[in-house]
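# Coordinates in review
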Amino acid sequence: MKPWETVDRTTAPDGAELVLARRDDEWVVRVAGRTLMSSRAHGSEEALAAIALRGLEQRRAILLGGLGMGFTLRATLDRLPTDARVVVVELVAGLVAWNRGPLSKLAGRPLDDPRVRLQRGDVGGRIAEAKGAYDAILLDVDNGPSALAHAGNKALYGEKGVRHCAEALRAGGVLAVWSASPDERYRERLERAGLEASEEIVQARAGAGGVRHVVIVGRKRAAGRPRPTPRPPAAAASSRGAGRSGRG
């Protein structure tokens, strides 16, 4: 089998080194030797966009946290009208550079779309600043609410972070979160923030078996609909592994 070729390296703000490698037409990004994302397994990223936008009445303003290899952004753009706006927030400058360079063709150069506004930095801060600004918020920045790729993202999934997400959505808006596995505690936080919470199991590779991931959804009630009754907290917390190894 042909060996992997290291193409480039970059460093995240928390000091973690990301390595871009390729083998023939397959690309991977690794952290500490573990695959963070792969061009062969992006079905669940595309499903994140499909589920978030499915049945959404308004699709004018979308916030996407996490650029990845551009697959979620491409799937989002393919479902939006020409006058929509997608704000993409990415923490790692090197990942943006790769998406404009060697990875650009994988998802059809989505950063070149005039509907896209790229912002560098912390998506949690962007969400906290917004009030009723977005029809949908898509988060693909960690391995899930309980398995973080960056320790600084912890507040994004806590009670305050969930409340900020709910406040940033317009009536009838949707929060969709990529996760390697179900997360009951996070669903309960969504419900306590007044969102209707659900989960959908999706395939890592579209049209194939094998690894499955989860899209966690929180839907803000439309104007005139009653607030959902939150469930009581779970008796015990579940544990999750850190990193994005579930993507392979």
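Analysis parameters
- Along every chain, residues carry numbers that run from 1 in the direction the sequence is written.
- It should be noted that, the model being predicted, local features are given only for residues of pLDDT at least 70 and side-chain atom pairs only at 80 or more, the latter also being counted only at that level, while totals for whole chains, interfaces and linings use all residues.
- The side-chain values count all of the structure's non-hydrogen atoms but skip hydrogen atoms and water molecules.
- A pairing counts as a salt bridge when a side-chain nitrogen of Lys or Arg comes within 4 Å of a carboxyl oxygen of Asp or Glu.
- Runs of H or I in DSSP of at least four residues are treated as helices and runs of E of at least two as strands, each being numbered from the N terminus.
- Burial classification: accessible surface area is computed with a 1.4 Å probe over protein chains only, and a residue below 20% of its type maximum counts as buried, one above 50% as exposed, and the rest as partly exposed.
- By definition in these notes, contact holds between two residues if any of their heavy atoms fall within 4.5 Å.
- Within this scheme, the nonpolar core is defined by two criteria: the residues are buried Ala, Val, Leu, Ile, Met, Phe, Trp, Tyr or Cys, and they are joined through side-chain atoms within 4.5 Å.
- When the centres of two rings from Phe, Tyr and Trp lie within 6.5 Å, Trp using its six-membered ring, the rings pair. Their planes under 30 degrees apart give stacked, over 60 give edge-to-face, and anything left gives tilted.
- For two strands to count as paired, DSSP must find a minimum of two bridges between them.
- The convention used is that axes are lines fitted to C-alpha atoms, helices contributing only their stretch in contact, and that angles between N-to-C directions extend from 0 to 180 degrees.
- pLDDT is a per-residue confidence score from the predictor, ranging from 0 to 100.

## Some words on the pattern of salt bridges
Tallying each qualifying case throughout the model produces 13 salt bridges. The salt bridge partner of Arg54 is Glu200, with a shortest N-O separation of 2.2 Å. With a gap of 146 residues between them, Arg54 in the loop between α1 (43-53) and β5 (61-65) and Glu200 in strand β10 (residues 195-203) connect regions that are remote in the sequence. Judged by its relative accessible area of 45%, Arg54 is partly exposed. Of the charged contacts, one joins Arg109 and Asp112 as a salt bridge, the two residues approaching to 2.7 Å between their closest N and O atoms. If you follow the salt bridges from partner to partner, you end up with Arg23, Glu26 and Arg40 in one network.

## Brief notes about the side chain of Asn153
Mapped onto the secondary structure, Asn153 falls in the loop between β8 (134-139) and α5 (154-157). Accessibility expressed as a relative area gives 8% for Asn153, which makes it buried. Sequence-distant contacts of Asn153, that is, excluding residues within four places in its chain, are made with Asp122, Val141, Asp142 and Leu148.

## Topic: the nonpolar core
The biggest cluster of nonpolar side chains holds 28 residues, and the ones touching the most others in it are Ile62, Leu73, Val86, Val88, Leu138 and Val215. Contributing elements (two or more residues each) for this core: α1, β5, α2 (71-77), β6 (85-90), β8, β9 (169-179) and β11 (212-220). Looking at this core element by element, the count peaks at six residues for α1. With near-sequence residues (within four places) excluded, Leu73 lies in contact with Leu64, Leu67, Val86, Val88, Pro110, Leu111 and Val116. Counting 25 residues, the second largest nonpolar core, distinct from the first, contains Ala130, Tyr157, Ala166 and Leu169.

## Here we look at the packing of aromatic side chains
As enumerated under the stated definition, the model contains one aromatic pair in all. The interplanar angle of 75° and the centroid separation of 5.9 Å between the aromatic rings of Tyr157 and Tyr186 together place this pair among those described as edge-to-face. Here Tyr186 lies in helix α7 (residues 184-192) and Tyr157 lies in helix α5, a separation of 29 residues in the sequence. Judged by relative accessible area, which is 2%, Tyr157 ranks as buried.

## Some remarks on the pairing of strand β2 (residues 17-23)
Burial within β2 is extensive, with five of its seven residues counted as buried. Pairing of β2 with strand β3 (residues 26-31) involves six bridges; the strand directions are antiparallel. Bridge pairing links Arg22 to Trp27 in β3. Connecting β2 to the next strand, β3, in antiparallel fashion are two residues, including Asp24 with a positive phi near 60°.

## Considering the sheet that holds β10
Taking strand neighbours across the sheet as the criterion, the seven strands line up as β7-β6-β5-β8-β9-β11-β10 in an open arrangement whose pairing is mixed. Strand pairing shows two members of the sheet lacking a second neighbour, β7 (116-120) and β10, which therefore form its edges. Recorded for the sheet is a direction-independent mean angle of 15° between the axes of neighbouring strands. Note: β5 against β6, five bridges, orientation parallel.

## Looking at the confidence of the model for the protein chain
Per-residue confidence for the protein chain averages 89 on the pLDDT scale, and 88% of its residues sit at or above 70. This model gives residues 233-248 a pLDDT under 50, and the stretch forms 45 contacts once residues within four places in sequence are excluded.

## Some words on the pairing of β9
With respect to burial, β9 is a largely interior element, eight of its eleven residues being buried. Sheet topology places β8 next to β9; five bridges connect them, and they run parallel. Note that in β9 the partner of Ile137 across the bridge is Leu175. Examined bridge by bridge, β9 and β11 share six bridges and lie antiparallel to one another. Bridged to Ala176 within β11 is Val217.

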